[in-house]
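A structural walkthrough
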Amino acid sequence: MAEEPKENLEVQETEAVAEEKYAKAGKKSKKHVEEVKAEAERQARKAEAAAAPEKVSGPKPVTRSRLERRGKNYREAYAKIEKGKAYSLKEAVELAIATSPVKFDATLEMHFRLGVDPRQADQNIRSTVTLPAGTGKDIRVAVFAPLDVCKAAKAAGADIAEDEEFTKRLEKEQLDFDVLISTPQYMPKLGKFARLLGPKGLMPNPKAGTVTTDIEKAVKEAKAGKIEYRVDKQAIVHVGLGKVSFGADKLMENINAFSESLKSQKPASIKGQYVKSVYMTTSMGPSILVENIYN
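The structure contained in this document is the topic of the report that follows. All of these numbers come straight from a predicted model, not from anything done at the bench. (Residues numbered from 1 in each chain as written. Predicted model: local features only at pLDDT ≥ 70, side-chain atom pairs only at ≥ 80, totals over all residues. Heavy atoms only, no water.)

**A word on the sheet that holds strand β9 (residues 288-290)**
Note the following rule: Whether two strands pair comes down to DSSP finding at least two bridges between them. Helix and strand definitions here come from DSSP, where helices need a minimum of 4 consecutive H or I residues and strands a minimum of 2 consecutive E residues; each element is numbered from the N-terminal end. The convention used is that axes are lines fitted to C-alpha atoms, helices contributing only their stretch in contact, and that angles between N-to-C directions extend from 0 to 180 degrees.
What the 4 strands build is an open sheet, ordered β7-β1-β8-β9; its pairing is antiparallel. Each of the sheet's edge strands pairs with one partner strand only, and the pair in question is β7 (236-243) and β9. Shown here is a sheet whose adjacent strand axes are inclined to one another by a mean of 25°, direction ignored. Here strand β8 (residues 275-282) runs beside β9; their pairing, made up of 3 bridges, is antiparallel.

Below is the structure:
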């Protein structure tokens, strides 16, 4: 048998030595070395692509402003408001009514930015007020109380007044009411429904007047237009104060009633400005800066 050429034997020995250089596992394994090499090639291709000039296929799209993306009715309403001007309260109400861009009966909203720190217990503003002209909404009132109290609540105008049957509604998550009123002794029974009622603002609260022994009075006030307001984490109070269809006079009555209530809630610890800014708007309408009536 013929002997293999010396040159071939040397090549085979060199390849064998190269194979022996790779570890069985870890960073020196053949697999890892190949992965590192492939990643380096990928990064090189990526760098080349980034350095290459962009291909311009056509003109760049024009970015429209937020106002330009609004509907025609909104833009027409916005044009009636002088930018940067602070309107008197009466002027703002009349302008808000005139600039309502929707076809339905919009709600007049006001937003008060306060100089308080909601994290402080004494500055966490929360209260209720009864609006003289009402809210313009049909408020559905539910009462959770003993049977004898439920009968009086029904006579006062409550839509739902039940004893133990009411908990079955909550177990089925039937929240077909806007305000829930309860007697103090029945509050422990609502504890297990806190996660259901709390996030929707339906959990009865003594500060809101919805935990009381005088159920009849609470029901009548809720039906008449009693609202609850509170400051949010950004120190702003958002409140709806009636419908556009009320007209300027009735809306002014509601605004004045709310203003007096908000003034009365000023914490004694506030040394600086209590109300920093006031804005008015209607549902889906443009915002109007209002003169600060609290200074």
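**Remarks on the layout of surface pockets**
Let me state the cut-off plainly: Two kinds of site are reported from a 1 Å grid over the protein atoms alone, namely cavities, where a 1.4 Å probe fits but cannot get out, and pockets, open sets with protein on both sides within 12 Å along at least five of seven lines, and residues are called lining when an atom falls within 4 Å of a point. Grid points are joined across faces, edges and corners, and a volume is the space filled by probe spheres set on the points.
Counted as a void, the largest pocket has a volume near 950 Å³. Lining the largest pocket are 34 residues, with Asp-178, Val-179, Gly-201, Ile-227 and Glu-228 sitting closest to its centre. Secondary structure elements with two or more residues in the lining of the largest pocket: β2 (126-130), β5 (179-182), α8 (215-224), β6 (226-230) and β7. Quantified by volume, the second largest pocket comes out at close to 160 Å³. Lining of the second largest pocket is provided by Tyr-78, Ile-81, Glu-82, Lys-83, Gly-84, Lys-85, Tyr-279, Ser-287, Ile-288 and Leu-289.

**Comments concerning the side chain of Asn-292**
Here is the rule: The term polar contact refers here to a pair of N or O atoms within 3.5 Å; inside protein, the definition further demands a hydrogen-donor-capable atom paired with an acceptor-capable atom, and it admits residues adjacent in sequence only when both atoms are side-chain atoms. The contact criterion used is simple: two residues touch if any of their non-hydrogen atoms lie within 4.5 Å.
With respect to the helices and strands, the residue Asn-292 is situated in the segment after β9. A distance of 2.5 Å separates a polar atom in the side chain of Asn-292 from the backbone oxygen of Val-275. Not counting residues within four places of it along the chain, the set of residues in contact with Asn-292 comprises Gln-273, Val-275, Lys-276, Ser-277 and Val-278.

**Quick word on α8**
Stated precisely, the cut-off is as follows: With a 1.4 Å probe rolled over the protein chains alone, any residue whose accessible area is under 20% of its type maximum counts as buried; one over 50% counts as exposed, and the rest are partly exposed. Throughout, the arc means that of the directions going from the helix axis to the C-beta atoms.
Considered for burial, the residues of α8 that qualify are Ile-215, Ala-218, Val-219 and Ala-222. Mapping the buried residues of α8 onto a view down its axis gives an arc of 100°, with all of them on the same face. At its buried positions, α8 is contacted by β3 (141-144), α5 (147-156), β5 and β6. One or two residues past the end of α8 sits Gly-225, with phi positive at roughly 125°.

**Points about the packing of helix α4 (residues 89-98) against helix α9 (residues 248-264)**
A pair of packed helices is characterised by two quantities: the angle between their axes and the separation of those axes. This is how it is decided: Just so you know how the angles are binned, under 35 degrees is roughly parallel, over 145 roughly antiparallel, 65 to 115 roughly perpendicular, and the rest oblique. Should the near helix be turned counterclockwise from the far one by less than a right angle, the crossing is left-handed, whereas a clockwise turn marks it as right-handed. All residues other than Ala, Val, Leu, Ile, Met, Phe, Trp, Tyr, Cys, Pro, Asp, Glu, Lys and Arg, Gly among them, are scored as polar; the first ten of these are nonpolar and the last four charged.
It is the contact of α4 with α9, at a shortest axis distance of 10 Å, that shows an interaxial angle of 125°. With respect to their mutual orientation, α4 and α9 come out oblique. Every pair of crossing elements has a handedness; the one defined by α4 and α9 is right-handed. Contacts between α4 and α9 involve Leu-89, Lys-90, Val-93, Glu-94 and Ile-97 from the former and Ala-248, Leu-251, Met-252, Ile-255 and Asn-256 from the latter. Taken together, the residues that form the contact of α4 with α9 break down as 7 nonpolar, 1 polar and 2 charged.

**Some details on the nonpolar core**
Stated formally: Among the buried residues, those of types Ala, Val, Leu, Ile, Met, Phe, Trp, Tyr and Cys that are joined through side-chain atoms within 4.5 Å form a nonpolar core.
Counting residues in hydrophobic clusters, the biggest one holds 34 residues, and the most contacted among them are Met-110, Phe-112, Leu-114, Phe-258 and Met-280. When residues of this core are traced back to their parent elements, those giving at least two are α4, β1 (107-114), β6, β7, α9, β8 and β9. Once you skip the residues sitting within four places of it in the chain, Met-280 turns out to touch Leu-89, Ala-92, Val-93, Ala-96, Leu-108, Glu-109, Met-110, Ile-255, Pro-286, Ser-287, Ile-288 and Val-290. Listed in part, the 16 residues of the second largest apolar core include Phe-166, Leu-170, Tyr-186 and Leu-190.

**Some details on the sheet that holds strand β4 (residues 160-162)**
Strands sit in the order β4-β3-β5 across an open sheet of 3 strands; the sheet is parallel. Looking at which strands have only one partner, the edges of the open sheet turn out to be β4 and β5. Along the sheet, successive strands turn relative to each other by an average axial angle of 15°, direction set aside. Where β3 lies against β4, 3 bridges are found, and the strand directions are parallel. From the neighbouring strand, Ala-142 faces β4, where its bridge partner is Ile-160. Seen against the sheet, α5 touches β3 and β4 and runs at an angle of roughly 170° to β4.

**Concerning a positive patch on the surface**
We count it as follows: Patches here are clusters of residues that have more than 30% relative accessible area and form no salt bridge, with a 9 Å joining cutoff for like charges and a 5 Å cutoff for nonpolar side chains (Val, Leu, Ile, Met, Phe, Trp, Tyr). The accessible surface values rely on the Shrake-Rupley method and a 1.4 Å probe; as for residues, cover is taken only from the protein chains in view. Any carboxyl oxygen of Asp or Glu within 4 Å of a side-chain nitrogen of Lys or Arg constitutes a salt bridge here. Neither His nor the chain ends is counted toward charge; the positive residues are Lys and Arg and the negative residues Asp and Glu. Note on charges: their place is set at NZ of Lys, CZ of Arg, CG of Asp or CD of Glu.
On the surface, Arg-64, Arg-66, Arg-69, Arg-70, Lys-72 and Arg-75 cluster together into a patch of positive charge. Locating Arg-70 in the fold gives a position in the loop between α2 (30-51) and α3 (72-78). What makes Arg-70 partly exposed here is its relative accessible area of 33%.

**Regarding the pairing of β1**
Here β1 pairs with β7 via 6 bridges, running antiparallel. Residue pairing for β7: Met-110 is matched across the bridge by Val-239. Alignment of β1 against β8, held across 7 bridges, turns out to be antiparallel. Its bridge partner being in β8, Met-110 is matched across the sheet by Met-280.

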